Amino acid sequence: MPRTFPLSRALSALALLATLSSPVLASDWSLCPGLNEPAAEGSTEPRYEAFLSPYTHHWQHDDEHRPVFAASLSRLLPDDRLCGISLFRNSFGQPSAYAFVGKSWPGLIPRYPKVYASVTAGILYGYVGKYERKVPMNVSGFSPAIIPAIGYRLTPRSAVEVQILGTAAIMVGTSWRF
């Protein structure tokens, strides 16, 4: 049986997430509330956030590990929520994707108002073949994921962030709001 191109599965996961957040399914409930709301006239508030990570540190060395590069785009929503997608090369060099929803808590520590925390949850795709067992609950390359993070806001539009990737690793990156 031929293998399906990984991008088609990643797009399928994104379509599933979009369908689940559709107001057609539940009139008062959505995974991404406010996603389609237009910007207020004259507003200069950022609506999107791009995240780039050139470095991931694994807790345990594995000769099969490859450098992990990640890029994500999130839509910033009311009440410090967000929805987005991340494209990355996983620890074993496989193209991967993560479609997610999340929540952020700015000013987490009153004494250090630039420190924030966030958590995202969604569908991960990309650990296939002999690497399927490297992530829990993987079915044909798809698995659920929850990623907590802590960050430091350098300016109102830029930050550095550390994401905790389960018990496997941490990912370090930077984000820009626009």
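Everything below is about the structure shown above.
These lines cover the structure that appears in this document, whether it is placed above or below.

The rules we used
Residues numbered from 1 in each chain as written. Predicted model: local features only at pLDDT ≥ 70, side-chain atom pairs only at ≥ 80, totals over all residues. Heavy atoms only, no water. Phe/Tyr/Trp six-rings, centres within 6.5 Å; stacked < 30°, edge-to-face > 60°. Helix = DSSP H or I, 4+ residues; strand = E, 2+ residues; numbered from the N terminus. Lys NZ or Arg CZ within 6 Å of the ring centre and 35° of its normal. Patch = residues over 30% accessible without salt bridge, like charges linked within 9 Å, V, L, I, M, F, W, Y side chains within 5 Å. Areas by Shrake-Rupley, 256 points an atom, 1.4 Å probe, with all protein chains shown as cover. Salt bridge = Lys/Arg side-chain N within 4 Å of Asp/Glu carboxyl O. Pairing = 2+ DSSP bridges.

**Things to note about the packing of aromatic side chains**
The description of two aromatic rings rests on the distance between their centres and on the angle between their planes.
Stage number 1. Tallied over the full model, the rule gives five aromatic pairs.
Stage number 2. Measuring from centroid to centroid gives 5.8 Å for Tyr48 and Phe178, while their planes differ by 20°, and the two rings are stacked. Of the two residues, Tyr48 is situated in strand E1 (residues 48–58) and Phe178 in the segment after strand E8 (169–177); the sequence distance between them amounts to 130 residues.
Stage number 3. Here Phe92 and Tyr131 contribute two aromatic rings whose centre-to-centre distance is 4.3 Å and whose plane-to-plane angle is 15°, an arrangement assigned as stacked. Linking Phe92 in the loop between strand E3 (81–89) and strand E4 (95–105) with Tyr131 in the loop between strand E5 (115–125) and strand E6 (142–155), this pair joins segments that are 39 residues apart in sequence.
Stage number 4. Ring pairing ties together the aromatic residues Phe92, Tyr127 and Tyr131, which thus form one cluster.
Stage number 5. Lying over the aromatic face of Tyr48, Arg75 brings its terminal NZ or CZ to 5.6 Å of the ring centre.

**Here we look at a nonpolar patch on the surface**
Stage number 1. A cluster of nonpolar residues, Trp105, Leu108, Ile109, Tyr112 and Ile150, forms a patch on the protein surface that exposes about 480 Å² of accessible area.
Stage number 2. Assignment of secondary structure puts Tyr112 in the loop between E4 and E5.

**A few points about the pairing of E8**
Stage number 1. Alignment of E1 against E8, held across eight bridges, turns out to be antiparallel. Considered in E8, the bridge of Leu52 is made with Thr174.
Stage number 2. The loop that links strand E7 (residues 158–165) with its antiparallel partner E8 comprises three residues; one of these, Gly166, has a positive phi angle of about 60°.

Just geometry here; none of it tells us what the structure is for.
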